[in-house]
Amino acid sequence: MTGLVERRRQSVALDGMLDACVGGTGGVAMLRGAVGSGKTALLTEFVRRVVVRGVRCLSLFATTDDADRWSLLDAVADAAGRPGADPLVVIEDLVSEGPVVVVVDDLRLVGAAAEELPRAVARLQSAGALVVLADAGLPWDVVHVELLRLSGFRSIWLPALASSGVLEVLADHLDDPDVPALAAEVHAITAGNPLLVRALVEDLLAVDPGKRLPVAPGRAFGEVVLACLTRIGSGAARLAKCVAVLGDDVDPAVLAAALEVDAEELPAHLRTLSGTGLFADDGRAAFRSADARAAVLSGIGAGHAADLRVRAADALRRSGAEAGEVAAHLLAAECAPDGWAVTALFDEAQRCLRDGDLHLARRYLDLAASRRTAAGCPGMDAHAIALGWLIDPASVPRRFRGALGAVADGEIAAHDAIVLTGQLLWHGWHDEAVPVLDWLASNGDAFGADDATDLRILSLHTAITYPGVAGRLAVFDPGQVRSEVMIGASDAVLRSMQALRNTITAGPSEELVGEALRLLEVCTLRRMSLQPCLFALLTLIYADELGHAEHWCDRLIEQASSDGIVLLEAKLHESRAHIALASGDLSKAELHARRALTAMPAEAWGTALGAPLSTLVAALVGMGRLEDAAVELGRPVPPAMFRTVWGLRYLRSRGYYYLHTGAARAALGDFRSIGGLMTEWGLDSPVLLPWRSDAAEVHMHLGERDLASRLLAEQARLPGGETARLRGVEARIRAGNMDPRDRGRTRIAAAAVQHLETSQDRLELARALAVLGEAYRGSGDSRRAHMVTRRALHLATLCHAEQLTSELTVQQRPVAVADRRAEGLESLSDAERRVAELASRGDTNREIARSLYITISTVEQHLTRVYRKLKVRRRVDLPADLGLPWQASGAAQPEPLRKVEVHPGLPREHRRGRSRLGGS
C-alpha cells in the first residue's frame with residue numbers, strides 16, 4: 001500500500017505502545033502529518049494488527065453534523081454498546097476485561113469539542129487504555145501542549161516520501177522500464193505526498209507504457225488536489241485559490257489585501273501548502289507544478305475568481321501600480337464595482353486607442369459601460385442592459401428606470417432601445433415596453449441597416465413569444481431577409497425565428513427541419529451566438545425531430561457551460577427538458593428543468609419562468625408525483641407571464657395537474673383559457689399547443705363526447721393538425737372512450753399506435769398501446785391483449801409513468817428487468833429481430849409480411865429460428881425488450897417511408913429517415 005511505504009518506524013512505535021497496553025500500561029499517540037501523508041492508512045493497518053492479537057479496538061469517528069457536541073468519552077460508551085451509561089464506569093469495565101485500544105480518525109471534525117479532548121484522553125490513559133489520535137495538520141497547538149503533559153504521550157510524525165519511497169511505490173504498481181525516470185518526475189510534482197503520489201500512479205496506469213514520460217497528471221491528480229483543499233483549513237485553501245487566480249510570486253501585500261487578512265498570517269499558510277506538496281518549498285507563494293495550479297483553478301467559481309482579482313486590482317492601485325496592471329485584473333475579472341475601477345478601465349481604453357489596439361479598447365469600454373451608473377452619463381443604463389443581460393440577467397431590471405428616462409429624453413440609440421424592449425418584456429414590464437415599442441415603430445424608417453435588422457428580429461420575437469404586444473410593430477416580411485448566405489449572427493437569428501414561426505403557423509415540413517439543422521451546424525461551427533440555436537431547437541421540437549434536437553442541445557449545453565454564459569446555459573437546459581418531455585422521458589425532463597431553475601434564480605427568468613416550471617410540473621404529474629407538482633405550482637410567478645407563450649405552457653401543465661387530481665372542470669378551464677388567448681393573439685396552432693385535444697380528453701372524461709369530437713375535428717383541420725403525433729393522440733382519445741363492445745374500437749386504437757410509432761413520444765405510445773390492449777381484451781383476443789399490454793408496460797416503465805405503470809401492472813404481471821433479455825439475443829440477425837419485434841407486439845404473420853414486404857413463408861422461417869435461438873415455444877413468450885435501439889428509446893422502428901435532407905456536416909449517426917433515432 002502506498003500509505004505504508006517508509007512507515008516502518010511509525011508502525012514499530014505503535015506496536016510498542018500496543019505491547020505496553022497489553023501489559024496493563026495505557027498510552028496516548030498522536031499521528032501527525034500533512035494532508036495526504038497516510039495517517040488513515042497507517043491507522044487502518046494498526047487496527048488490523050490490534051484485532052489479530054485479540055485486543056478490543058474501538059474505532060471512533062466524528063462527523064460534521066455532531067462536531068460541536070461530540071464527546072470522546074460518550075463516543076467510547078456508544079461504541080461499547082452502552083449508550084447513556086457513565087463513560088468512566090464503562091471504561092473501567094472494559095479495561096477490567098482486557099486491554100482496550102481507542103482510535104480516533106480524524107480530529108479535524110471534532111470542532112468545538114477539542115477543548116475537552118485532553119481531559120478525556122487522560123482519563124482513558126489512566127484507566128489503562130491506549131488512545132491513538134490522528135490530526136489533519138491543522139494548528140492544534142493548545143491541544144498538543146496539553147497532551148504533551150501526559151507521561152505516556154507520544155507524537156508520531158509522518159513525513160513526505162523520499163525519492164526512494166516514491167520509486168518503491170511506482171515499482172509496486174508499474175511494470176515499466178522507465179520507473180526511475182517516472183519516480184523522479186512524480187517526486188518533483190508531489191514533493192512525496194503519498195496521496196498525491198497515489199493519484200499520479202492511478203493516472204499513469206491509465207496511460208500506455210512508453211507514453212508516460214513526461215508525466216502528465218490527469219483526472220485523479222486533479223480530484224485529489226481539490227480534496228486536499230477541503231482538508232487543509234480555510235485560510236490555506238483560500239491562499240491557494242488566490243495564487244491560482246493571480247499567478248505565482250504576487251506581492252504578499254497584494255495577496256493579503258485580496259484575501260482580506262493580515263500579511264502576518266500568510267507564512268503559516270505557506271508552510272501548510274508547502275507541507276502538502278502543492279506549493280514550492282522555498283517559502284514563495286508559488287505552486288510546485290502548473291498541474292496543481294490548474295487543478296485548483298478548476299474548483300474555483302467564476303464569481304470567486306473575479307472577486308479575488310478585483311481586490312488585487314484595488315491593492316495594486318493603492319500601491320501606485322500602473323493603470324494597465326490594474327485594468328488587466330479588472331478585465332480578467334469582468335467586473336468593475338466602483339468608480340475607481342471604471343476610471344481605470346476608461347484610462348486603459350484610451351491608451352489602447354492611442355496604441356491602435358481597437359479590439360482591446362472595445363473590451364475595456366464595454367466593461368466600463370456595463371458597470372458604470374447612469375448618473376451623468378445619458379444612455380449608459382440602456383447600454384449596460386445591452387451588454388449585461390447575458391452575464392447577470394437578474395441585475396438588469398434595476399437599470400430599467402434610468403434607461404426609460406433616456407428614452408423619454410430622446411437620449412438613447414436605436415440598438416439600445418431594441419435591447420431594452422426585449423428585456424422589459426422578458427422581465428414582465430409590458431406596460432413600460434409599450435412607449436418604447438411606439439418610439440421604435442415611429443422612428444424605424446430612419447434606422448441604419450443593422451438597426452433595421454435588429455428591429456425585424458424584435459418584430460418576430462414579439463410575434464412568437466409576446467403575441468399580446470406584437471401589433472405595436474410592423475409585421476416582418478420574410479422576403480426582407482437579405483440573402484441565403486448567413487453573414488453574421490443577425491442573419492442567423494432572423495432565419496431561425498422565421499423557420500420557427502412558419503413551423504408554428506403552417507405546420508412542420510422537411511424544408512423547415514433542414515433549415516433548422518443547417519442553422520445549428522453553421523452557428524456551432526462558427527462559434528456564433530447561441531440565440532439562433534434556441535429557436536432552431538424549438539423548430540425541431542415542434543416538428544417532432546427529437547433525435548436531432550437532443551443531439552444538438554447536448555452539444556450546445558456543453559458549449560454554453562464552457563463559455564460560462566449562465567442565461568444561455570439555463571435556457572438550453574430548459575430546451576433539453578422540453579425535448580425530454582416531448583419524447584416521454586419524464587425523469588430526464590425533471591432533471592433538466594431543475595437544472596434550468598437552479599442555474600438562474602426565478603427573478604432572472606422573468607416571465608420565461610413558465611418554460612422550465614411548466615415542463616417540471618408536467619413531468620411530475622406524468623410520474624404520478626402530484627404532491628411535488630403542487631409544490632412547484634405554489635411557486636410565485638409574475639402575472640405578466642400569462643401574456644406570453646410560456647404562460648400558455650404553464651396553464652397546460654396546471655390543467656394536467658387538475659385533471660389528475662379529479663378537478664376536471666378546473667382543468668377544462670385552463671385548456672379553454674389557452675384556446676381563448678391563442679385565438680385572441682392570432683396564434684391558434686396545434687403545433688404550438690394542442691389545447692383542443694387536451695380539452696377533448698376532459699370532455700370525454702365528463703361524458704361530453706359531442707363537444708370532444710367537435711374539438712378534435714377542428715384541430716385536425718388546422719395547419720399542423722394532421723401530424724402523426726396529433727393524429728395518434730386523437731385516435732387514442734377516441735378509442736379510449738368508445739364502448740368496449742364496439743368492433744371499431746380495436747381498429748381506431750391500432751391506428752393510434754401506428755401513428756404514434758412514427759412519432760417519438762414514448763409516453764403517448766404507451767398510452768395508445770394500453771388502449772389497444774383494452775380493445776383486444778374487450779374483443780376476446782387475450783393473446784394480443786397480453787402482448788400489447790406487456791409492451792405498453794415496458795414503455796411506461798421506461799418513461800417512469802408510475803400511474804400508468806400501476807394500471808398496466810394490474811392487468812399483467814410485470815416482467816423482471818433481468819428476464820427481459822432471453823438468451824441468444826446477440827445471435828439474431830437484423831431480419832430476425834425485425835420480425836420478432838413485430839411478433840412480440842401482437843402482429844399476425846400476414847401483417848408482419850405486409851409491413852416488411854416479405855412473404856408469409858419467410859416470416860414463418862424467421863420466427864422458427866427466433867424461437868430456437870431464444871429458447872421459447874411461442875410468440876407470447878418473446879421478451880418485450882429485444883434489445884433493439886428503437887425499443888430502448890421508445891422511438892419508432894425504422895421504416896423506409898421518407899427521408900429528411902440534412903447538411904453534410906451532421907454526424908453520420910444522426911442522419912436518419914423518419915424518426916429513426918428516436919430519443920436515443
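Residues numbered from 1 in each chain as written. Predicted model: local features only at pLDDT ≥ 70, side-chain atom pairs only at ≥ 80, totals over all residues. Heavy atoms only, no water.

Enquirer: Explanation requested: the overall build of the protein chain in the structure shown.
Expert: Check the secondary structure of the protein chain and you find 45 helices and five strands. Counting the 920 residues in the protein chain, one finds 55% classified as buried. Residue pairs at least 24 apart in sequence account for 67% of intrachain contacts in the protein chain once pairs closer than 6 positions are excluded. Counting every atom, the protein chain has about 39,500 Å² of accessible surface; 51% of that belongs to carbon and sulfur. (Helix = DSSP H or I, 4+ residues; strand = E, 2+ residues; numbered from the N terminus. Buried < 20%, exposed > 50% of the residue type's maximum accessible area, 1.4 Å probe, protein only. Contact = heavy atoms within 4.5 Å. Areas by Shrake-Rupley, 256 points an atom, 1.4 Å probe, with all protein chains shown as cover.)

Enquirer: Teacher, can you tell me more about the confidence of the model for the protein chain here?
Expert: Parts of the prediction with low pLDDT should not have their coordinates interpreted in detail. Of the residues in the protein chain, 84% reach a pLDDT of 70 or more, and the chain-wide mean stands at 83. Every residue in residues 478-483 scores below 50 in pLDDT, and together they form eight contacts with partners more than four places removed in sequence or on other chains. In the model, residues 814-822 has pLDDT below 50 throughout and makes 12 contacts with residues more than four positions away in sequence or in other chains. (pLDDT = per-residue confidence, 0-100.)

Enquirer: In this structure, what is going on with the sheet that holds strand β1 (residues 27-32)? I would like to understand it.
Expert: Two orientations exist for strands paired in a sheet by backbone hydrogen bonds: parallel and antiparallel. Strand order in the open sheet formed by five strands is β2-β3-β4-β1-β5, with parallel pairing between adjacent strands. Where the open sheet ends on each side, the last strands, each with one partner, are β2 (56-60) and β5 (153-157). Sheet twist, expressed as the mean angle between neighbouring strand axes with direction ignored, is 15 degrees. Strands β2 and β3 (100-105) of the sheet are contacted by helix α3 (residues 72-79), whose axis makes an angle of about 125 degrees with β2. (Pairing = 2+ DSSP bridges. Axes fitted to C-alpha atoms, helices over the stretch in contact; angles between N-to-C directions.)

Enquirer: When you look at helix α12 (residues 252-259) in this model, what are you seeing that I'm missing?
Expert: Because an α-helix packs 3.6 residues into every turn, residues spaced three or four apart end up facing the same way. What α12 keeps buried is the set V254, L255, A256, A258 and L259. Residues of α12 that are buried make contact with α11 (234-246), α13 (266-276) and α15 (302-318). A distance of 2.8 Å separates the backbone nitrogen of A253 from a side-chain oxygen at the start of α12, and that oxygen is part of D251. Following α12 by one or two positions, E260 has its phi on the positive side, about 60 degrees. (Polar contact = N/O pair within 3.5 Å; in protein donor to acceptor, adjacent residues only side chain to side chain.)

Enquirer: Whenever I open this one, the nonpolar core confuses me. Can you help?
Expert: For soluble globular proteins, nonpolar side chains are generally found buried alongside one another. Ranked by size, the top nonpolar core spans 111 residues in total, and within it L420 and W605 carry the most contacts. In terms of residues, this core owes the most to one element, helix α39 (residues 762-778), which gives nine residues. Grouped together as the second largest cluster of nonpolar side chains are 76 residues, F221, L229, A237 and A333 included. (Core = buried A, V, L, I, M, F, W, Y, C linked by side-chain atoms within 4.5 Å.)

Enquirer: Can you help me understand the pairing of β1 in this one?
Expert: The side chains of a regular strand alternate between both faces of the sheet. The buried fraction of β1 is high, at six of six residues. By the alternation rule, side chains of β1 split into G27, A29 and L31 and V28, M30 and R32, which are all buried. Here β1 pairs with strand β4 (residues 130-134) via five bridges, running parallel. From the neighbouring strand, M30 faces β4, where its bridge partner is L133. As paired elements, β1 and β5 share five bridges and run parallel to each other. What sits directly across from V28, in β5, is F153.

Enquirer: Got a minute to help me understand the packing of aromatic side chains in this structure?
Expert: We describe a pair of aromatic rings using the distance from one ring centre to the other and the angle between the two ring planes. Enumeration according to the criterion identifies nine aromatic pairs in this entry. With a centroid separation of 6.4 Å and an interplanar angle of 20 degrees, the aromatic rings of W426 and W605 are classed as stacked. Placement of the pair is W426 in helix α21 (residues 414-426) and W605 in helix α30 (residues 602-605), with a sequence separation of 179 residues. Overall, W426 belongs to the buried group, its relative accessible area being 8%. Ring centres 6.1 Å apart and planes at 55 degrees place the aromatic pair Y657 and Y658 in the tilted group. Y657 gets classed as buried once you look at its relative accessible area, which sits at 17%. Site record: aromatic cluster; members linked through ring pairs are W426, Y466, W605 and W646. (Phe/Tyr/Trp six-rings, centres within 6.5 Å; stacked < 30°, edge-to-face > 60°.)

Enquirer: Got a minute to help me understand the pattern of salt bridges in this structure?
Expert: For side chains bearing opposite charge, pairing can occur when the charged atoms are close. By the definition in use, this model includes 43 salt bridges. In this structure, D93 and R82 form a salt bridge, with 2.9 Å as the shortest nitrogen-oxygen distance. A residue pair is termed long-range when its members are at least 10 positions apart, and D93 in helix α4 (residues 87-97) and R82 in the loop between α3 and α4 qualify at 11 residues. Where R784 meets D781, a salt bridge forms, and the shortest distance between an N and an O atom there is 4.0 Å. Residue D781 is classed as partly exposed on the basis of its relative accessible area, which comes to 25%. Residues joined by salt bridges that share partners form a network here, namely E590, R594, R625, D628, E632 and R635. (Salt bridge = Lys/Arg side-chain N within 4 Å of Asp/Glu carboxyl O.)

Enquirer: Any chance you could explain helix α23 (residues 449-465) here in plain terms?
Expert: Taking 1.5 Å per residue, 17 residues should reach 24 Å; α23 reaches 24 Å between its end C-alpha atoms and fits that length. In terms of burial, α23 is largely enclosed, as 13 of its 17 residues are buried. (Expected span 1.5 Å × (residues − 1).)

Enquirer: Sorry, what's going on with unusual backbone geometry here?
Expert: If a residue is not glycine, its phi is most likely negative; likewise, a peptide bond is most likely trans. Of note, the bond from L213 into P214 is cis; its omega dihedral lies within 30 degrees of zero at -10 degrees. Topologically, P214 is positioned in the loop between α9 (194-205) and α10 (219-229). Not every positive phi belongs to a glycine, and E260 is a case in point at roughly 60 degrees. Secondary-structure assignment places E260 in the loop between α12 and α13.

Enquirer: Any chance you could explain the side chain of T276 here in plain terms?
Expert: Mapping T276 onto the fold places it in helix α13. The exposure class of T276 is buried, given its relative accessible area of 1%. In contact with T276, not counting residues within four places along its chain, are A34, V35, T190, N193, L196, C228 and I232.

Enquirer: Whenever I open this one, the environment of A85 confuses me. Can you help?
Expert: Relative to the assigned elements, A85 resides in the loop between α3 and α4. The spacing of A85 and D74 is 11 residues in sequence and 8.3 Å in space, taken between C-alpha atoms. Those residues in contact with A85, other than ones at most four positions away along the chain, are A77 and V90.

Enquirer: For this particular structure, what's the right way to read the packing of helix α25 (residues 510-525) against helix α26 (residues 531-542)?
Expert: Any two packed helices are characterised by the angle at which their axes cross and by the distance between the axes. Where α25 contacts α26, the two axes come as close as 9 Å, and the packing angle between them is 150 degrees. When the axes of α25 and α26 are compared, the pair comes out roughly antiparallel. Relative to α26, the crossing made by α25 is left-handed. Of the residues in α26, those in contact with L512, V513, A516, L517, L519, L520 and C523 of α25 are P532, C533, A536, L537, T539 and L540. Residues of the contact of α25 with α26, tallied by class, amount to 12 nonpolar, one polar and no charged. (Parallel < 35°, antiparallel > 145°, perpendicular 65-115°, else oblique. Left-handed = near helix turned anticlockwise from the far one by under 90°. Nonpolar A, V, L, I, M, F, W, Y, C, P; charged D, E, K, R; others polar.)

Enquirer: Got a minute to help me understand the packing of helix α40 (residues 782-799) against helix α41 (residues 802-811) in this structure?
Expert: Packing of α40 against α41 brings their axes to within 9 Å, and their N-to-C directions diverge by 150 degrees. Relative to α41, the element α40 is oriented roughly antiparallel. When you trace α40 past α41, the crossing you get is left-handed. Contact residues: T789, A792, L793, A796 and T797 in α40; L804, T805, L808, T809 and Q811 in α41. Grouping the amino acids of the contact of α40 with α41 by side-chain chemistry returns five nonpolar, five polar and no charged.

Enquirer: Teacher, can you tell me more about the environment of A831 here?
Expert: You can see A831 is positioned in helix α42 (residues 830-840). With a relative accessible area of 35%, A831 lands in the partly exposed category.

Enquirer: Help me out: how do you make sense of the pairing of β4 in this one?
Expert: β4 sits mainly inside the fold: five of its five residues count as buried. Neither face of β4 is left uncovered, since the one carrying L130, V132 and A134 and the one carrying V131 and L133 both have all their residues buried. By the bridge criterion, five bridges tie β3 to β4 in an arrangement that is parallel. Following the sheet pairing, V102 is matched in β4 by V131.

Enquirer: What exactly am I supposed to notice about the environment of G703 here?
Expert: For G703, the location among the structural elements is in the loop between α35 (691-701) and α36 (705-717). Look at G703 and you get exposed, because its relative accessible area is 56%. G703 sits 34 residues away from N737 along the chain, and the two C-alpha atoms are 8.9 Å apart.

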